[in-house]
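Residue-level structural notes
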Amino acid sequence: YISPKFTIEQSKLGGYGGFSSAAGFADGELIIRLPRECCVTPEDALYDPSCGEIFQQAKQKRVPSWAMLIISGFIAKEYLLSNRMKNKTAIKHSPYLQSIPWVQGELGQDHVIFWSQEKVDMLLGESLAYNDALIVRKTVDSAIRLLKDVIRPIVEDADDEEIEGAVKGAFVVCLSRSFAEEVESDDGTTLEVENAMLPLLDVLQHSNNPNTRLESYDDFILLRARGDISAGEELFHCYQEERDDVIPKHKFFTRYGFIPGVRIPVVELLESKSTLFF
């Protein structure tokens, strides 16, 4: 279900966002009901017939960043396959994967994962974000080496450069768009955080004071208004709480590719030695 009052328009924060149309939303009003069947979840990756067994081993062995790795590896593989098939419906999530940006600059997307090492050293060297950027890039480089061996036998005509580009794009997509959800561990003893891709809901821009809320159920996810929302007002979701003791602002860029509430291009902030980074 998608409310007829919901629309997608260009956001003042860059790219696109969700908005209320000519009629607003009342507090608690249902905006979107998204079946879990439409989402990209860890189960999609873990039980995929072509690579699920390998992803299960990565989870069991607690490979570093395994939760992000299996989702990113899965959608990178699906994206590469969907690019090659005339019948796009053969890939379950193809319409969704084809609708999101995969390369630097598309819809204003940027991330240190896309940067060359020379650019990282030049712009981030001596900044608060430098070491974190190196960690993120090292994690993705390790994932690329692992996932090349997973993807190459499945997408046989893809060369190393294409696989590397798909994996980098997949990590940026997951870092900037995925939703975190607490679930019970396999043995039911602890809570673990799993990331899932939620089509349509991920068009919402981030705010530390969101005007929407999510409700999770076994079969679907609901997006409701948090308070009254006026006609034409942009809808926001809080992807990650903005607190320096949780994640400092400079880490928002190295992790998620943006800085909350800042519209100045990050490169300009770095060149001017902004106190957000230095």
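Up top is the structure.
Cut-off values and rules
Residues numbered from 1 in each chain as written. Predicted model: local features only at pLDDT ≥ 70, side-chain atom pairs only at ≥ 80, totals over all residues. Heavy atoms only, no water. Helix = DSSP H or I, 4+ residues; strand = E, 2+ residues; numbered from the N terminus. Polar contact = N/O pair within 3.5 Å; in protein donor to acceptor, adjacent residues only side chain to side chain. Contact = heavy atoms within 4.5 Å. Core = buried A, V, L, I, M, F, W, Y, C linked by side-chain atoms within 4.5 Å. Buried < 20%, exposed > 50% of the residue type's maximum accessible area, 1.4 Å probe, protein only. Pairing = 2+ DSSP bridges. Axes fitted to C-alpha atoms, helices over the stretch in contact; angles between N-to-C directions. Disulfide = S-S within 2.5 Å. Phe/Tyr/Trp six-rings, centres within 6.5 Å; stacked < 30°, edge-to-face > 60°.

Mapped onto the elements, Lys77 comes out in helix α3 (residues 66-84). Within the structure, the side chain of Lys77 is placed 2.6 Å from the side chain of Glu78, a separation counted as a polar contact. With near-sequence residues (within four places) excluded, Lys77 lies in contact with Asp48, Ser50, Cys51, Ile151, Ile154 and Val155.

Turning our eyes to something else, we now look at the nonpolar core. With 56 residues, the main nonpolar core has Phe55, Ile75, Trp115, Leu124 and Phe277 as its most contacted residues. Looking at this core, the elements that each hand over two or more residues are α1 (42-46), α3, α4 (94-97), α5 (117-124), α6 (130-151), α7 (160-177) and α9 (266-271). With sequence-adjacent residues up to four places away left out, Trp115 is seen in contact with Gln104, Asp110, Val120, Leu123, Leu124, Arg137, Phe253, Val267 and Leu270. Ranked by size, the runner-up nonpolar core spans 17 residues in total, among them Ile31, Leu34, Cys39 and Leu204.

Read from one edge of the open sheet, 3 strands run β3-β8-β7, paired in antiparallel fashion. In the strand order of this sheet, the two ends are held by β3 (30-35) and β7 (212-216), each with one partner. Put simply, the sheet's adjacent strands are angled 20 degrees from each other on average, direction ignored. Direction of pairing for β3 relative to strand β8 (residues 220-225): antiparallel, over a ladder of 5 bridges. Each residue of the ladder has a partner; that of Arg33, found in β8, is Leu222.

Turning to the pairing of strand β1 (residues 6-10), a few remarks are in order. On any regular strand, side chains alternate: one points to one face of the sheet, the next to the other face. Taken together, the 5 bridges between β1 and strand β2 (residues 16-20) define a ladder with antiparallel strand orientation. Bridge pairing links Glu9 to Gly17 in β2. Taken together, β1 and the strand that follows it, β2, pair antiparallel across an intervening segment of 5 residues, in which Gly14 is found at a positive phi of about 105 degrees.

Moving on to the state of the cysteines. What is meant by a disulfide is a covalent connection between two cysteines, made through their sulfur atoms. In this structure the tally under the stated criterion is 0 disulfides. With no disulfide of its own, Cys38 lies closest to Cys39 among cysteine sulfurs, the gap being 6.5 Å. For Cys38, a relative accessible area of 36% puts it in the partly exposed group.

Tracing the sequence through the fold places Asn211 in the loop between β6 (205-206) and β7. Of the residues examined, Asn211 reaches a relative accessible area of 9% and is grouped as buried. A distance of 2.9 Å separates the side chain of Asn211 from the backbone oxygen of Glu234, its partner in a polar contact. In this view, Asn211 contacts Arg224, Ala225, Arg226, Ile229, Glu233, Glu234, Leu235 and Phe236; residues no more than four positions away in its chain are not counted.

Next up on the list: the packing of aromatic side chains. Per the stated rule, a full pass over the model turns up 7 aromatic pairs. Look at Trp115 and Phe253: their rings are 5.7 Å apart centre to centre, the planes differ by 50 degrees, and that puts the pair in the tilted class. Note that Trp115 is positioned in the loop between α4 and α5 and Phe253 in helix α8 (residues 249-256), a separation of 138 residues in sequence. On the basis of relative accessibility, which here comes to 3%, the residue Trp115 falls in the buried class. An aromatic cluster of three or more residues is present, and its members are Trp115, Phe253 and Phe277.

Our next topic: unusual backbone geometry. Positive phi values are uncommon outside glycine, yet Glu126 reaches one of about 70 degrees. Although it is not a glycine, Leu200 adopts a positive phi angle of roughly 75 degrees. Considering the arrangement of structural elements, one finds Leu200 in the loop between β5 (191-196) and β6. A residue is classified by how much of its surface remains accessible, and Leu200, at 24% relative accessible area, is partly exposed.

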